[in-house]
Amino acid sequence: MSDSVLVIGHRGAAGLTPENTKLAFLKALDLGADAIEFDVQLTKDNVCIVFHDESLDRTTDGKGFVADTTWEVISRLDAGRWFAESFRGIEVPRLEEILKTLGGRTTLNIEFKPDKGREERLVRHVITAVARFDLWESVLFSSFDMPSIELLRRLVPKARIGVLCVPHKLADALALAEKVGAETIHPHVGMVDSDFVQDAHRRGWKVWAWTANEPGEIELLKALGVDGIFSDYPDRVVNPRKRRS
Ligand code: G3P
Ligand code: CA
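Right, let's walk through the structure included here. (Residues numbered from 1 in each chain as written. Chains lettered and ligands numbered in written order. Predicted model: local features only at pLDDT ≥ 70, side-chain atom pairs only at ≥ 80, totals over all residues. Heavy atoms only, no water.)

Some words on the overall build of the chain
Piece 1. Within the chain, the secondary structure is distributed over nine helices and nine strands.
Piece 2. Here the C-alpha atoms of the chain give a radius of gyration of 17 Å, agreeing with the 18 Å that 2.2 N^0.38 yields for 245 residues.
Piece 3. Seen through its C-alpha atoms, the chain measures out along the principal axes to roughly 50 × 45 × 35 Å.
Piece 4. Expressed as a percentage of its 245 residues, the buried residues of the chain come to 54%.
Piece 5. Pairs at least 24 residues apart make up 55% of the contacts formed inside the chain by residues separated by at least 6 positions.
Piece 6. A total of about 11,200 Å² of accessible surface is found on the chain, and carbon and sulfur atoms cover 49% of it.
Piece 7. Across the chain, the mean location of the 33 positive side-chain charges is 3 Å away from that of the 38 negative side-chain charges. (Helix = DSSP H or I, 4+ residues; strand = E, 2+ residues; numbered from the N terminus. Rg over C-alpha atoms; globule rule 2.2 N^0.38 Å. Buried < 20%, exposed > 50% of the residue type's maximum accessible area, 1.4 Å probe, protein only. Contact = heavy atoms within 4.5 Å. Areas by Shrake-Rupley, 256 points an atom, 1.4 Å probe, with all protein chains shown as cover. Lys, Arg positive; Asp, Glu negative; His and termini not counted. Charge placed at Lys NZ, Arg CZ, Asp CG, Glu CD.)

See below:
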């Protein structure tokens with residue numbers, strides 16, 4: 001069994017802190033995560049924010065779609081209180097703010113979540129930001145939107161790419177990973193078995209599985225030989241011998 005699996009804080013440490021916030025990312029690092037995963041999308045006025053849902057409703061005190069709301073409005077929302085009263089006052093971060101704070105400190109997995117019609121704009125925006133902070137070596141990109149990944153590859157031959165994989169689109173994902181020269185493949189945990197891992201390794205891809213939170217599931221993934229595990233509770237994945245006291 002591997003005890004050197006890469007620990008990827010999913011949306012930071014989303015099980016313990018409000019997801020996709022600076023606090024969640026710092027918490028994940030504090031718990032021993034080796035990498036941080038987060039989602040990016042554009043506001044109505046093309047500001048790139050770190051945010052998962054299309055809608056503001058679940059994780060802020062705002063309402064409506066991100067794509068229909070300006071940064072001026074989103075910047076005033078509370079992104080912590082929905083999680084617990086003690087997190088009141090936490091803000092939605094902009095991509096640049098996170099790159100400035102965490103860039104170079106850890107591996108960052110940036111997942112494009114484009115709204116329809118602005119796929120290219122989002123990819124170009126993120127590329128510009130990553131170039132500005134010169135983070136090509138420590139950023140790995142992924143997206144469920146396959147054309148965004150193909151565009152990224154055309155624009156940045158050196159970009160590190162992870163290809164997301166869901167059961168009903170497995171063949172497409174494998175073809176994309178071949179086409180763009182992926183470094184990693186990111187299957188949903190339910191897809192992972194030893195054949196999957198062996199096949200990916202034979203093709204030269206590391207396997208990062210998402211999202212495992214239960215100890216039994218985490219142990220199984222380690223036993224299957226995956227290379228990375230996304231978790232909302234990164235501390236549950238960290239090898240106990242490596243845990244910080
Ligand atoms: O990148 C793995 C995982 O984050 C994909 O699903 O919905 O949590 O963005 P989701
Ligand atoms: Ca994600």
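Still to come is the rest of the account.
Description of empty space enclosed by the protein
Where empty space is left becomes clear once a probe the size of a water molecule has been rolled over the atoms.
Piece 1. Using the criterion set out here, one finds one cavity of 30 Å³ or more in the structure.
Piece 2. Taken as a whole, the largest cavity encloses approximately 80 Å³ of empty space.
Piece 3. Its residues placed into classes, the lining of the largest cavity shows six nonpolar, four polar and two charged. (1 Å grid on protein atoms, 1.4 Å probe; cavity = no way out; pocket = protein on both sides within 12 Å on 5 of 7 lines; lining within 4 Å. Points joined across faces, edges and corners; volume = space filled by probe spheres on them. Nonpolar A, V, L, I, M, F, W, Y, C, P; charged D, E, K, R; others polar.)

Side note on the side chain of K113
Piece 1. Of note, K113 is situated in the loop between β4 (107–112) and α4 (119–132).
Piece 2. Polar side-chain contacts of K113 include one of 2.5 Å to the side chain of E111.
Piece 3. The residues touching K113, leaving out its near neighbours within four places in the chain, are D39, V40, Q41, H52, L122 and F144. (Polar contact = N/O pair within 3.5 Å; in protein donor to acceptor, adjacent residues only side chain to side chain.)

Quick look at the coordination of the calcium ion (ligand 2)
Piece 1. The coordination sphere of the calcium ion (ligand 2), as far as protein atoms go, consists of E37 (OE), D39 (OD) and E111 (OE), spread over 2.1 to 2.3 Å.
Piece 2. Positions of the donor residues of the calcium ion (ligand 2) along the chain correspond to the pattern E-x1-D-x71-E.
Piece 3. Exposure remark for D39: the relative accessible area of 1% places this residue in the buried category. (Donors = N, O, S within 2.8 Å, 3.2 Å for Na, K, Ca; no water.)

Describing the nonpolar core
Piece 1. By size, the foremost hydrophobic cluster in this structure holds 64 residues, and its most contacted members are F38, V40, I110, V126 and F141.
Piece 2. Element by element, the count of residues in this core is highest for α4, at six residues.
Piece 3. Formed by 10 residues, the second largest nonpolar core is a distinct cluster that contains V47, W71, I74 and V92. (Core = buried A, V, L, I, M, F, W, Y, C linked by side-chain atoms within 4.5 Å.)

A short note on the pattern of salt bridges
Any two side chains of opposite charge can pair, given that their charged atoms come close.
Piece 1. Scanning all chains against the criterion turns up 17 salt bridges.
Piece 2. The residue E19 makes a salt bridge to R58 at a minimum N-O spacing of 2.8 Å. Note that E19 is positioned in the loop between β1 (6–10) and α1 (22–30) and R58 in the loop between β3 (48–50) and α2 (71–74), a separation of 39 residues in sequence.
Piece 3. Accessibility expressed as a relative area gives 37% for R58, which makes it partly exposed.
Piece 4. For E183, the salt bridge identified is with R160, shortest N-O distance 2.7 Å. Taken together, the positions of E183 in the loop between α6 (170–180) and β7 (184–187) and R160 in strand β6 (residues 160–165) put the pair 23 residues apart, joining distant regions of the chain. (Salt bridge = Lys/Arg side-chain N within 4 Å of Asp/Glu carboxyl O.)

Here we look at the packing of aromatic side chains
Piece 1. If you walk through the whole model with that rule in mind, you get seven aromatic pairs.
Piece 2. Residues F25 and F38 carry aromatic rings whose centres are separated by 5.3 Å and whose planes lie at 40 degrees to one another, so their mutual orientation is tilted. Of this pair, F25 sits in helix α1 while F38 is found in strand β2 (residues 35–42), placing the two residues 13 residues apart along the sequence. Comparing F25 with F38, the two get one shared label, buried.
Piece 3. Arranged with centres 5.6 Å apart and planes meeting at 70 degrees, the rings of F83 and F87 form a pair that is edge-to-face.
Piece 4. A relative accessible area of 26% places F83 in the partly exposed class.
Piece 5. Aromatic ring contacts, followed pair by pair, group W82, F83 and F87 into a single cluster. (Phe/Tyr/Trp six-rings, centres within 6.5 Å; stacked < 30°, edge-to-face > 60°.)

Details of the site of ligand 1
Piece 1. Taken together, H10, R11, E37, D39, H52, E111, K113, F144, L164 and W210 are the residues near ligand 1.
Piece 2. Side-chain polar atom of D39 to an oxygen atom of ligand 1: 3.3 Å apart, as the coordinates give it.
Piece 3. Take H52: an N or O atom from its side chain is 2.8 Å from an oxygen atom of ligand 1.
Piece 4. Here the residues of the shell around ligand 1 are counted per class, giving three nonpolar, two polar and five charged. (Near = heavy atom within 4 Å.)

All we've got here are geometric facts, nothing functional implied.
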